[in-house]
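Structural characterization, general
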Amino acid sequence: MLHRLRAGTAAPAGESPVTHVRREPARPGRKTPWPGWVAPALISAYADLGITGPWEHQAAAATLAHHKSHVVVATGTASGKSMAYQMPALTKLLGDSRATVLYLSPTKALAADQSRALARLGLDGVRPATYDGDTPREEREWIRQHSRFVLTNPDMLHHALLPGHARWGTFLRRLEYVVIDECHAYRGVFGSHVAHVLRRLRRLTARYGGDPTFILASATSGEPGDAASRLTGLPVTPVTEDASPRGAVTFVLWEPPLLPPSPDDEVELPPVRRSALRETADLLTDAVVAGVRTLAFVRSRRGAEVVAAMTRRGLDEAVPGLGDRVAAYRAGYLKEDRRAIERALLSGELLALASTNALELGVDLVGLDAVLICGYPGTRASLWQQAGRAGRAGGEALAVLVARDDPLDTYLVHHPEALFGRPVEATVMDPANPYVLGPQLCCAASEAPLTEPDLELFGGEPAREAVAALTASGALRRRPSGWYWTHRGRPAVDLRGTGGAPVSVVESATGRLLGTVDQGSSHVMLHAGAVYLHQGVSHVVDDLDLDDAVALVHAAEPDWSTHARDVTDLSVVSVRERVDAGPVGLFLGEVDVTNQVVSYQRRRIGSGEVIDTRPLDLPPRELRTVAVWFTVSPRLLAASGVQPPDVPGALHAAEHAAIGLLPLMATCDRWDIGGLSTANHQDTEAPTVFVYDGHPGGAGFAERAYATASAWLSATREAIASCGCETGCPSCVQSPKCGNGNNPLDRNGAIAVLDAVLSALADRN
Ligand SMILES: [Zn+2]
Ligand SMILES: [Zn+2]
């Protein structure tokens, strides 16, 4: 199928873009009889839908939950995780006419899908209802009083349900199950917030006399039991053996070829690969011509639109009208439109879709002939989830990962062992982050006074310290019966916030709100003069008003792009942990980072030629966060062949690549992380490379980097050493977000630095 797919497209002779092929054989499903405790009415409702019995993993998880063990089922895409929670929850509701169930999903769309699935079962008296920001006021009252299966999201729980708990008292007293779907989505700062929202739910439920069992569903993830325990604060039993059937899938790793150097380049530019978007569009074109039903995953909305447009154009050139069989698919489309597109793809009317990530997709979209993944989606977990859309029972399917021109993608297509046969990443979060814990304790206190035993629930010692600080600052007041929230209103806490109010992007001429950008990124993305893309339309920023958190823009298509330049300063506040390896030190600790965007470059689109550099007048931003860093003595550097003038470039190159590879170890994005390298740092008094969490208080990424330092830095070294370039390129040591214009960078020096660090760390162990 692959050769047919690729027939007729322009890979240069002699160089195959395929770096690895792996065939996953078909797997038969393993069914089991209905567990004896499942309600007969439920069994017959399933039978009406053609379901004759559960897969083994569904029965195992359901039975644990039925016996009141908290459980997480972590299996592949379309393995039927819903039935694992439906069996115990619906059996309970059918057997006890007062019992209630609360279901949480990270997106409204998924909750709506699940609600429809429950309604299709047609069970009397369950009355499933979605309760979210769109639910009309008059319906809310009905839902509180009558629904016994409420489907909502953590934001709604945080903003509405928990603050208004008095009106939910009866529901909470009778609460038997809490279902947390797609729980791998709760990671980083958002995950840490949700962990506390769940603790607040547990505390209030207990006050009303409820004692629910938690059932979590996760995509395949590393250590799902531990992650679920951290999220809920409860012991959770994992069920991970997937017993659902799967068709055979051939998995291909694909590296777009290098473009030939342009003869009229005056300076020698680093080699550039063909873009992953163009390559994906070509593959998608071939797929449609061959009649293969294909879904292409593209990371950005704009990317998805671009791939669909390029594919349509290519097809219409070949056969006029054929382009109509391709569509783009992303969030922001109306629900009806999305459903129509899904139906058209399943019926074969549409042959190809270019789409953004899996969570935005309807749950039923599986059984395709081929899946193209344009750029590594950031984690092995989401890679398998996306690839899992390919494969029909009895048929052969194809999944292709098309590498982008960056260090992580390049590393992965040349190191298939880093993808295949390895456990997927653990979901990382840090509920002890003081920037999350403090505000969450205020929310809890505003719902009901905090007591001494409550502090155990919220994390013990860190919670006691946070409450003491909040009491000292006057946010909480200590009384004999507990700590009280002293203010009139509710604490303003945004679960998805990353520090400060988001900046609104407004069109000057019309006053139309185009979107928002979080404050942390606003200086880089929305400074005056910046070219800002919104849903594929290019805008230029007229003014960034930081006091009102508004950026005024106008639509324009200049033939340059803009690149912010910044200066970063970092000071060490405290060291939490350290490894002393002689001339090398490895540290984890708190740092203060000051970052100031000082100017921007305008670069010609296409050639990358720098037109000019313009100064900016933006205030510095301060961030207290968690960092991992290593130091290397100047003497060891010299002994490793890195001479003093080359030290800054060598450290800088190592820093870039290390940031690029960290997502291999933790579920983060390179944009979640920052770095700083210097030949002599005032606090460490040595050549140092820092890598820090880009969120106030840290999100667990630097901690993960510290814990896996040898594996992480080895992969970094490998990524640079195995790159085909000579002096450093976007595939190894260049970074798209460098505030220094990727200067200086010393590729070979970086390898020497990393070798020195790794061997010192190894000698110590
Ligand atoms: Zn390179
Ligand atoms: Zn840099």
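Described in the following lines is the structure provided in the data block. (Residues numbered from 1 in each chain as written. Chains lettered and ligands numbered in written order. Predicted model: local features only at pLDDT ≥ 70, side-chain atom pairs only at ≥ 80, totals over all residues. Heavy atoms only, no water.)

1. Re the nonpolar core
Counting 79 residues, the largest nonpolar core has F630, W712 and V753 as the members making the most contacts within it. Not counting residues up to four positions away in its chain, the partners in contact with F630 are G585, L586, P687, T688, V689, L713, V753, L754 and V757. (Core = buried A, V, L, I, M, F, W, Y, C linked by side-chain atoms within 4.5 Å. Buried < 20%, exposed > 50% of the residue type's maximum accessible area, 1.4 Å probe, protein only. Contact = heavy atoms within 4.5 Å.)

2. Thoughts on the coordination of the zinc ion (ligand 2)
In a perfect tetrahedron of four donors around a metal, the angles come out at 109.5 degrees. In a perfect octahedron of six, they are 90 or 180 degrees. Protein coordination of the zinc ion (ligand 2) is provided by H652 (NE2), H656 (NE2) and C738 (SG), with donor distances spanning 2.0 to 2.3 Å. Classification of H656 by relative accessible area gives buried; the value is 4%. (Donors = N, O, S within 2.8 Å, 3.2 Å for Na, K, Ca; no water.)

3. Describing the packing of helix α21 (residues 647-661) against helix α24 (residues 747-764)
Contact geometry for α21 and α24: axes closest at 7 Å, N-to-C directions at 75°. By the angle between their axes, α21 is roughly perpendicular relative to α24. Contact residues: α21 offers A650, L651, A653 and A654, while α24 offers R747, G749, A750, V753 and L754. The residue makeup of the contact of α21 with α24, split by class, is seven nonpolar, one polar and one charged. (Axes fitted to C-alpha atoms, helices over the stretch in contact; angles between N-to-C directions. Helix = DSSP H or I, 4+ residues; strand = E, 2+ residues; numbered from the N terminus. Parallel < 35°, antiparallel > 145°, perpendicular 65-115°, else oblique. Nonpolar A, V, L, I, M, F, W, Y, C, P; charged D, E, K, R; others polar.)

4. Examining the state of the cysteines
One pass over the full model with this rule turns up zero disulfides. Cysteine C443 shares no disulfide, and the gap to the nearest cysteine sulfur, in C442, comes to 7.0 Å. The exposure class of C443 is buried, given its relative accessible area of 0%. (Disulfide = S-S within 2.5 Å.)

5. Remarks on the side chain of H196
Mapped onto the secondary structure, H196 falls in helix α9 (residues 188-207). The exposure class of H196 is buried, given its relative accessible area of 1%. For H196, the side chain forms a polar contact with the main-chain oxygen of P431, separated by 2.7 Å. (Polar contact = N/O pair within 3.5 Å; in protein donor to acceptor, adjacent residues only side chain to side chain.)

6. Brief notes about the packing of aromatic side chains
Going through the model one piece at a time under the given rule, you end up with 10 aromatic pairs. Ring centres 5.7 Å apart and planes at 45° place the aromatic pair Y85 and Y103 in the tilted group. One end of the pair, Y85, is in helix α4 (residues 81-95); the other, Y103, is in strand β3 (residues 100-104), and 18 residues separate them in sequence. On the basis of relative accessible area, Y85 is assigned to the buried category, the value being 1%. On the basis of relative accessibility, which here comes to 0%, the residue Y103 falls in the buried class. Ring plane angle 90° and centroid distance 5.4 Å describe the contact between W168 and F171, whose orientation is recorded as edge-to-face. Judged by relative accessible area, which is 2%, W168 ranks as buried. We note K31 situated over the ring of W55; from NZ or CZ to the ring centre the distance is 4.8 Å. (Phe/Tyr/Trp six-rings, centres within 6.5 Å; stacked < 30°, edge-to-face > 60°. Lys NZ or Arg CZ within 6 Å of the ring centre and 35° of its normal.)

7. Focus: helix α3 (residues 56-66)
Regarding α3, the residues found buried are H57, Q58, A59, A61, A62 and A65. Contact partners of the buried residues in α3: β2 (71-74), α4, β6 (175-180), β7 (213-218) and β8 (237-239). Among the residues trailing α3, K68 stands out with phi positive, at a value near 70°.

8. Here's the deal with the pattern of salt bridges
If you walk through the whole model with that rule in mind, you get 27 salt bridges. Where R464 meets E456, a salt bridge forms, and the shortest distance between an N and an O atom there is 3.1 Å. In this structure R464 comes out as partly exposed when scored by relative accessible area, which is 29%. Look at E456 and you get partly exposed, because its relative accessible area is 48%. (Salt bridge = Lys/Arg side-chain N within 4 Å of Asp/Glu carboxyl O.)

9. Regarding the pairing of strand β13 (residues 370-374)
Of all five residues in β13, five are buried, a share of seventy percent or more. Every second residue of β13 is oriented toward a common face, with A370, L372 and C374 on one face and V371 and I373 on the other, all of them buried. The sheet contact formed by strand β10 (residues 294-298) and β13 spans five bridges and is parallel. Within β13, the position partnered with F297 by the bridge is I373. Bridging between β13 and strand β14 (residues 396-402) involves five bridges; their strand directions are parallel. The residue bridging I373 from the neighbouring strand is L401, located in β14. (Pairing = 2+ DSSP bridges.)

10. Let's talk about the sheet that holds β7
Read across the open sheet, the seven strands follow the order β4-β5-β3-β6-β7-β2-β8; overall the sheet is parallel. Each end of this open sheet is capped by a strand with a single partner; those strands are β4 (128-130) and β8. The average angle at which neighbouring strand axes cross in this sheet is 20°, direction not considered. Relative to β6, β3 runs parallel, the two sharing five bridges. By the bridge assignment, Y103 is partnered in β6 with V179. In the packing of helix α5 (residues 108-121) onto the sheet, the strands contacted are β3, β4 and β5 (149-152), and the crossing angle to β4 comes to about 165°.

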